[in-house]
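Chains, contacts and geometry: an overview
So the chains spell out like this:
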Amino acid sequence: MTHIDDKKQEFVRLIDRAVNQSQEMIEQSPSHAEPLNTLVSELQRIKANALSDQLQPSEGSLTLGLSRGLADWIEPLDSPLLTAVGAVERYYQEHL
């Protein structure tokens, strides 16, 4: 397995963790189902793009814009979902 494959595998793992957190939150607070479903769809699109080598490289400057949208409505700001999404964003910026 090449180094790039390792990076992609870790990125996908982080996305899957954020998707799982989102789905748990949907079950816990159905009132947030709409923005959470939107987030899950976006995470799955990013994952598909990463796996098919269609994801634009960050080159250390681009972000995925996920944390910003989530921080607008999520409470508390130290929620596990925001942490998981932040990890996806950081990994993208630092490694892809």
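Structure shown above.
I will try to describe carefully the structure that is included in this document. The structure displayed is predicted, hence computed values, not measured ones.

Considerations on the nonpolar core
Counting residues in hydrophobic clusters, the biggest one holds 26 residues, and the most contacted among them are Phe11, Leu66, Leu81 and Val88. At the level of secondary structure, the elements contributing two or more residues to this core comprise α1 (3–28), α2 (33–51), α3 (66–71) and α4 (80–95). Among the elements that take part in this core, α4 stands out by supplying 8 residues, more than any other. Ignoring sequence-local partners within four residues, the contact set of Leu81 consists of Ala18, Gln21, Ser22, Met25, Leu36, Leu39, Leu70 and Ile74.

Here we look at α2
In this model, α2 (19 residues) spans 26 Å end to end at C-alpha, consistent with the 27 Å of a helix rising 1.5 Å per residue. For α2, the set of buried residues is Ala33, Leu36, Leu39, Val40, Leu43, Ile46 and Ala50. All buried residues of α2 fall inside an arc of 150° around its axis, so they share one side. For α2, exposure combined with an orientation more than 90 degrees from the buried face picks out Glu34 and Thr38. Positive backbone phi, at 60°, marks Asp53, one or two positions downstream of α2.

Looking at the environment of Leu96
Here Leu96 is to be found in the segment after α4. Look at Leu96 and you get partly exposed, because its relative accessible area is 27%. Remark: the alpha-carbon pair of Leu96 and Leu55, spanning 41 residues in sequence, is separated by 8.8 Å. If sequence neighbours within four positions are ignored, Leu96 has contacts with Lys7, Phe11, Leu55, Pro57, Ser58, Glu59 and Tyr91.

Cut-offs and rules
Residues numbered from 1 in each chain as written. Predicted model: local features only at pLDDT ≥ 70, side-chain atom pairs only at ≥ 80, totals over all residues. Heavy atoms only, no water. Core = buried A, V, L, I, M, F, W, Y, C linked by side-chain atoms within 4.5 Å. Buried < 20%, exposed > 50% of the residue type's maximum accessible area, 1.4 Å probe, protein only. Helix = DSSP H or I, 4+ residues; strand = E, 2+ residues; numbered from the N terminus. Contact = heavy atoms within 4.5 Å. Expected span 1.5 Å × (residues − 1). Arc of directions from axis to C-beta.

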